[in-house]
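Tertiary structure, described
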Amino acid sequence: MKLVSLHKNYSALIKKVSKGNRKAQHELFELFSPRMLSVCRQYLKRQDLAEEVMLNGFFKVFTKIDSYSGQGSFEGWIRRIMVNESLTELRRQKKLFFKDESVIENSLEHSAEIESGLEVEEIQKLIDALPDGYKTVFVLYVVDGYKHSEISELLQISEGTSKSQLSKARGMLQAMITKQNNMNYGTQ
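Throughout what follows, the structure given in this document is the object of discussion. Within any chain, residue numbers begin from 1 and follow the written order of that chain's sequence. Thresholds applied to this predicted model are a pLDDT of at least 70 for local features of residues and 80 or more for the giving and counting of side-chain atom pairs; totals over whole chains, interfaces and linings are not thresholded and use all residues. Side-chain numbers come from the whole structure's heavy atoms, not from hydrogens or water.

Before going further, it helps to examine the packing of aromatic side chains. Side-chain rings of Phe, Tyr and Trp, where Trp is taken by its six-membered ring, are said to pair if the distance between their centres is within 6.5 Å; with planes under 30 degrees apart they count as stacked, over 60 as edge-to-face, and otherwise as tilted. Tallied over the entire structure, the rule returns 8 aromatic pairs. Each ring, one from phenylalanine 29 and one from phenylalanine 58, has its centre 4.9 Å from the other, and the planes form 65 degrees; the classification is edge-to-face. Of this pair, phenylalanine 29 sits in helix α2 (residues 22-43) while phenylalanine 58 is found in helix α3 (residues 47-64), placing the two residues 29 residues apart along the sequence. Pairwise contacts between aromatic rings join Tyr10, Phe32, Tyr68, Phe74 and Trp77 into one cluster. For helices the rule is a DSSP run of H or I covering at least 4 residues; for strands it is a run of E covering at least 2, with both sets numbered from the N terminus onward.

Next up, the structure:
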């Protein structure tokens, strides 16, 4: 029952935003900005840059809201804008470099997920320590659930490169987590 009324509230809110209602824009921003800042922060190392990208993303949300068809999740539509804005910023900074590799060495793609006793902030720092190409593919695939075909299209790389970047990112993360755990438990 609440879910239906929440969806109706989104519909009314979307209509008001599409008419340029500032109060509705503010309400939409307040409703989604914490989650969308988190999305941008996953791609961008600096908090201030993630905030700037999120604001640019909301500007697009407000100006392009008429392109939301009502099909699928509204939050998912906003999230996709934030991901695209984050990728645009990485491209602008020329931080996305990919080495085309069709063979995946030591593939971990089908291995179990990395387990650790680390806090979310510690894990984010480890992800931030990855080279930007690895990090971007890792976040797109693992966090945002994109398929390799979608990643290759978004980043203009081959599917093999996407798979290789993911494999190497997982390998690096696993090594960093093992090192972190060894330091935490004194077993070097």
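So, next bit.
Bringing unusual backbone geometry into the picture now. The phi torsion at glutamine 156 lies on the positive side, around 60 degrees, for a residue other than glycine. Inspection of the secondary structure assignment puts glutamine 156 in the loop between α7 (148-155) and α8 (159-185).

This paragraph deals with the packing of α2 against helix α6 (residues 132-143). The axes are straight lines fitted to the C-alpha atoms, using for helices just the contacting stretch, and the angles between their N-to-C directions are given from 0 to 180°. Running from N to C, α2 and α6 point in directions that differ by 140 degrees, and their axes come no closer than 8 Å. In this view, α2 runs oblique relative to α6, as classed from their interaxial angle. Of the residues in α6, those in contact with Arg41, Gln42 and Tyr43 of α2 are Lys135, Thr136, Val139, Leu140 and Val143. Side-chain classes follow a simple rule in which Ala, Val, Leu, Ile, Met, Phe, Trp, Tyr, Cys and Pro form the nonpolar group, Asp, Glu, Lys and Arg form the charged group, and the remainder, Gly included, forms the polar group. Per-class residue counts for the contact of α2 with α6 are 4 nonpolar, 2 polar and 2 charged. For classification, angles of less than 35 degrees are called roughly parallel, those exceeding 145 degrees roughly antiparallel, those between 65 and 115 degrees roughly perpendicular, and all remaining angles oblique. Contacts are assigned to residue pairs that have any heavy atoms within 4.5 Å of one another.

Attention now goes to the nonpolar core. We define the nonpolar core as a collection of buried residues of types Ala, Val, Leu, Ile, Met, Phe, Trp, Tyr and Cys that are connected through side-chain atoms lying within 4.5 Å of one another. Burial classes: relative accessible area under 20% of the type maximum marks a residue as buried, over 50% as exposed, and values in between as partly exposed (1.4 Å probe, protein chains only). Counting residues in hydrophobic clusters, the biggest one holds 46 residues, and the most contacted among them are Tyr43, Phe74, Met82 and Leu140. Looking at this core, the elements that each hand over two or more residues are α1 (2-18), α2, α3, α4 (74-92), α5 (120-128), α6, α7 and α8. Not counting chain neighbours up to four residues away, the residues in contact with leucine 140 comprise Tyr43, Val83, Leu87, Gly145, Tyr146, Ile151, Leu154 and Leu155.

Tracing the backbone through its elements, the reader meets valine 17 in helix α1. The spatial distance from the C-alpha of valine 17 to the C-alpha of phenylalanine 62 is 6.7 Å, given a sequence separation of 45 residues. Leaving out residues up to four positions away in the same chain, valine 17 has contacts with Ala24, Gln25, Leu28, Phe62 and Ile65.

Before going further, it helps to spend a moment on the pattern of salt bridges. Counted as salt bridges are all cases of a side-chain nitrogen of Lys or Arg within 4 Å of a carboxyl oxygen of Asp or Glu. Counted according to the given criterion, the structure contains 7 salt bridges. The residue aspartate 128 makes a salt bridge to arginine 41 at a minimum N-O spacing of 2.6 Å. One end of the pair, aspartate 128, is in helix α5; the other, arginine 41, is in helix α2, and 87 residues separate them in sequence. Assigned by exposure class, aspartate 128 and arginine 41 land together as buried. A salt bridge links glutamate 85 to lysine 60, with the shortest nitrogen-to-oxygen separation between them at 2.7 Å. Residue glutamate 85 is found in helix α4, and its partner lysine 60 is found in helix α3; the two are separated by 25 residues along the sequence. Here the salt bridges do not stand alone but share partners, grouping Arg41, Asp128 and Lys135 into one network.

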